[in-house]
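Okay, here's what each chain looks like letter by letter:
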Amino acid sequence: MPHTSMAALCRRVILPHLSETRESSYLLQRAWVIRWSSQRSFSKGFPRLQSRVRPLPILIATAGGYLGYNQYGQYKDQQLKKQGIEVPPRLANEVQVTIYKTIPTRLLSRAWGRLNQVDLPTWLRKPIYSLYIWTFGVNMKEAAVEDLQLYRNLGEFFRRKLKPQARPVCDSHCVISPADGKILHFGRVKNCEVEQVKGVTYSLETFLGPLTWTENLLNNRNEDDPGSFQDTLVTKEGNELFHCVVYLAPGDYHCFHSPTDWRVAHRRHFPGSLMSVNPGIARWIKELFCHNERVVLSGEWTHGFFSLTAVGATNVGSIRIYFDKELRTNNPRYNKGSYNDFSYISNNNQEGISMRKGEHLGEFNLGSTIVLLFEAPRNFTFNLQAGQKIRFGEPLGTM
């Protein structure tokens, strides 16, 4: 009886289970064969196409194609320029600007700033600084400290000072270049638009913000007919508004100085993006200087309104003004799209901050841009050429 019951149990339970197992195994084998056959036939029909999508190669191919197309466009523009044909600038559209602004340049710049403060081993300083000097053409013979091993970190090397005789300040001209760099553009301001490079403009009102800090300048204006934003800045009859843009490359001297004798009355800090401000990007993005973080110093000189704006850029989150200990740039607590005002005029100081021509004013953590906006008599003439190299202390124009 036990043998009979055991045999019955095998027939009823184990044998059906084995048959199901064999059947399922057979079905799995058939499914694998069908899948392999389909993949094989798919690859035969499309030999360079894979069944699995790989995003990284597609992204690299797309970016490479776009760069190639862009380079080809620049090549065509150069050929047209050689033939004497003026080519309008190729401006980025809103989508391209938005994509660019999504790059965390502020975070990267803060990380770069911290890295710059890390002290390097003495044996490593000379090789690293020498590579930088060779890459960007730095002239260390002008530096106050020529021994590379004495610069403890990259930050100290970037902010190196010059020998006093290296940059003589011109005494015969009222306005001098505040920094070493390249002249991107200059001239009269027209229709409240300022050119950052030839053919690419930005709004004067967007760049400076509301004129809430010029109540003392508006006393001589007709309140019934205040005129345009540009007219409001011109405080003296017979004057016009002028501008000049100086681009500081990574290899340039990174400090900037007072371009004239003037009184600084107000500081406005615009937290913003930190996109590159090199001439190629300045020709591509309209109102680049209005997108980027910047510090506007405004006041008066002997001919009326005068302002100097330090514009930040990628890896230049730190803009330092020597007499302003409260200023903190590229700080995460500040939101883009806003601005912060600070007045240097108080009950104890009615004159503001007096600056002498050539006096140390501030510094960048790396290269960036200085924008001068000032009113002057109509006979003021710039002695400059767009694209020329200029050094701190050299004259900008004459009257």
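Bear in mind that the values here come from a model prediction, so they are computed numbers and not experimental data.

## Side note on the overall build of the protein chain
- Across its full length, the protein chain carries 10 helices and 16 strands.
- In the protein chain, which comprises 399 residues, the proportion classed as buried is 43%.
- A total of about 22,900 Å² of accessible surface is found on the protein chain, and carbon and sulfur atoms cover 56% of it.

## Considerations on the pattern of salt bridges
- Inspection of the entire model under this criterion finds 16 salt bridges.
- The residue Glu 300 makes a salt bridge to Arg 263 at a minimum N-O spacing of 2.8 Å. Taken as a pair, Glu 300 in strand β7 (residues 294–301) and Arg 263 in strand β6 (residues 262–270) lie far apart in primary sequence, 37 residues in all.
- Taking relative accessible area as the criterion, Arg 263 reaches 25% and is therefore assigned partly exposed.
- Arg 268 is the partner of Asp 341 in a salt bridge, and the nearest nitrogen-oxygen pair spans 2.7 Å. Of this pair, Asp 341 sits in strand β10 (residues 340–343) while Arg 268 sits in strand β6, and the two are 73 residues apart along the sequence.
- The exposure class of Arg 268 is buried, given its relative accessible area of 1%.

## Quick notes on the layout of surface pockets
- Volume-wise, the second largest pocket comes out at about 280 Å³.
- Taken together, 14 residues form the lining of the second largest pocket, with Arg 110, Gly 113, Arg 114, Ser 318 and Asn 365 sitting closest to its centre.
- Looking at the lining of the second largest pocket, the element that brings in the most residues is helix α4 (residues 105–116), giving 4 residues.
- Tallied by class, residues from the lining of the second largest pocket come to 1 nonpolar, 8 polar and 5 charged.

## Some words on the packing of aromatic side chains
- As enumerated under the stated definition, the model contains 24 aromatic pairs in all.
- Ring centres 6.1 Å apart and planes at 65 degrees place the aromatic pair Phe 242 and Phe 382 in the edge-to-face group. With Phe 242 in strand β4 (residues 239–247) and Phe 382 in strand β14 (residues 381–382), this pair connects stretches of sequence that are 140 residues apart.
- Taking relative accessible area as the criterion, Phe 242 reaches 1% and is therefore assigned buried.
- Residue classification places Phe 382 among the buried residues on the basis of a relative accessible area of 12%.
- Centre to centre, the rings of Phe 342 and Tyr 344 are 5.5 Å apart; their planes meet at 70 degrees, and the pair counts as edge-to-face.
- Using a relative accessible area of 32% as the deciding quantity, one classes Phe 342 as partly exposed.

## Digging into α4
- Compared with the 16 Å implied by 1.5 Å per residue over 12 residues, the 16 Å span of α4 between its first and last C-alpha is a close match.
- Residues of α4 that are buried: Thr 105, Arg 106, Ser 109, Gly 113 and Asn 116. Take α4 and look down its axis: the buried residues cluster within an arc of 100 degrees, on one side only. Away from the buried face of α4 by more than 90 degrees, exposed residues Leu 107 and Arg 114 are located.

## A short note on the sheet that holds strand β12 (residues 360–364)
- The strand order across the open sheet built from 3 strands is β5-β12-β9, with neighbouring strands paired in antiparallel fashion. What marks the edges here is a single partner per strand, and that holds for β5 (255–257) and β9 (319–321). Neighbour-to-neighbour, the strand axes of the sheet open up by a mean angle of 20 degrees, direction not taken into account.

## With respect to the side chain of Ser 177
- Here Ser 177 lies in the loop between α6 (154–158) and β1 (181–188).
- Setting aside residues up to four positions removed in sequence, Ser 177 forms contacts with Ile 390, Arg 391, Phe 392, Gly 393, Glu 394 and Leu 396.

## Concerning the side chain of Arg 125
- Take Arg 125: it is sitting in helix α5 (residues 122–136).
- Asp 119 provides the closest opposite charge to the buried, unpaired Arg 125, separated from it by 5.6 Å.
- In this structure Arg 125 touches Leu 120, Leu 148, Gln 149, Tyr 151 and Arg 152, once residues within four positions along its chain are discounted.

## With respect to the pairing of β12
- In terms of burial, β12 is a largely internal element, 4 of the 5 residues being buried.
- Two strands pair when backbone bridges link them, and β5 and β12 are joined in this way by 3 bridges, in the antiparallel orientation. The partner of His 257 across the bridge, within β12, is His 360.
- Where β9 lies against β12, 3 bridges are found, and the strand directions are antiparallel.

## Examining the nonpolar core
- With 35 residues, the main nonpolar core has Leu 204, Phe 207, Leu 208, Phe 289 and Leu 373 as its most contacted residues.
- Formed by 33 residues, the second largest nonpolar core is a distinct cluster that contains Val 264, Ala 310, Ile 319 and Leu 361.

## Looking at the confidence of the model for the protein chain
- When pLDDT is averaged along the protein chain, the result is 78; 74% of the residues meet or exceed 70.
- Across residues 1–28, where pLDDT falls below 50, the model places 4 contacts with residues more than four positions away in sequence or in other chains.
- Low pLDDT, under 50, characterises residues 218–225; the stretch is placed with 4 contacts to residues that sit more than four places away or in other chains.

## Topic: unusual backbone geometry
- At Asn 191, a residue that is not glycine, the phi angle is positive and equals roughly 55 degrees.
- Looking at the element boundaries, Asn 191 is found in the loop between β1 and β2 (193–197).
- Unusually for a residue other than glycine, Cys 192 sits at a positive phi of about 60 degrees.
- Within the secondary structure, Cys 192 sits in the loop between β1 and β2.

## Some thoughts on the environment of Trp 262
- Here Trp 262 shows up in strand β6.
- Its relative accessible area of 3% is what places Trp 262 among the buried residues.
- What Trp 262 contacts, discounting residues up to four positions off in sequence, is Leu 297, Ser 298, Gly 299, Glu 300, Trp 301, Phe 306, Ser 307, Leu 308, Ile 353, Ser 354 and Met 355.

How each quantity is defined
- Residues numbered from 1 in each chain as written.
- Predicted model: local features only at pLDDT ≥ 70, side-chain atom pairs only at ≥ 80, totals over all residues.
- Heavy atoms only, no water.
- Helix = DSSP H or I, 4+ residues; strand = E, 2+ residues; numbered from the N terminus.
- Buried < 20%, exposed > 50% of the residue type's maximum accessible area, 1.4 Å probe, protein only.
- Areas by Shrake-Rupley, 256 points an atom, 1.4 Å probe, with all protein chains shown as cover.
- Salt bridge = Lys/Arg side-chain N within 4 Å of Asp/Glu carboxyl O.
- 1 Å grid on protein atoms, 1.4 Å probe; cavity = no way out; pocket = protein on both sides within 12 Å on 5 of 7 lines; lining within 4 Å.
- Points joined across faces, edges and corners; volume = space filled by probe spheres on them.
- Nonpolar A, V, L, I, M, F, W, Y, C, P; charged D, E, K, R; others polar.
- Phe/Tyr/Trp six-rings, centres within 6.5 Å; stacked < 30°, edge-to-face > 60°.
- Expected span 1.5 Å × (residues − 1).
- Arc of directions from axis to C-beta.
- Pairing = 2+ DSSP bridges.
- Axes fitted to C-alpha atoms, helices over the stretch in contact; angles between N-to-C directions.
- Contact = heavy atoms within 4.5 Å.
- Lys, Arg positive; Asp, Glu negative; His and termini not counted.
- Core = buried A, V, L, I, M, F, W, Y, C linked by side-chain atoms within 4.5 Å.
- pLDDT = per-residue confidence, 0-100.

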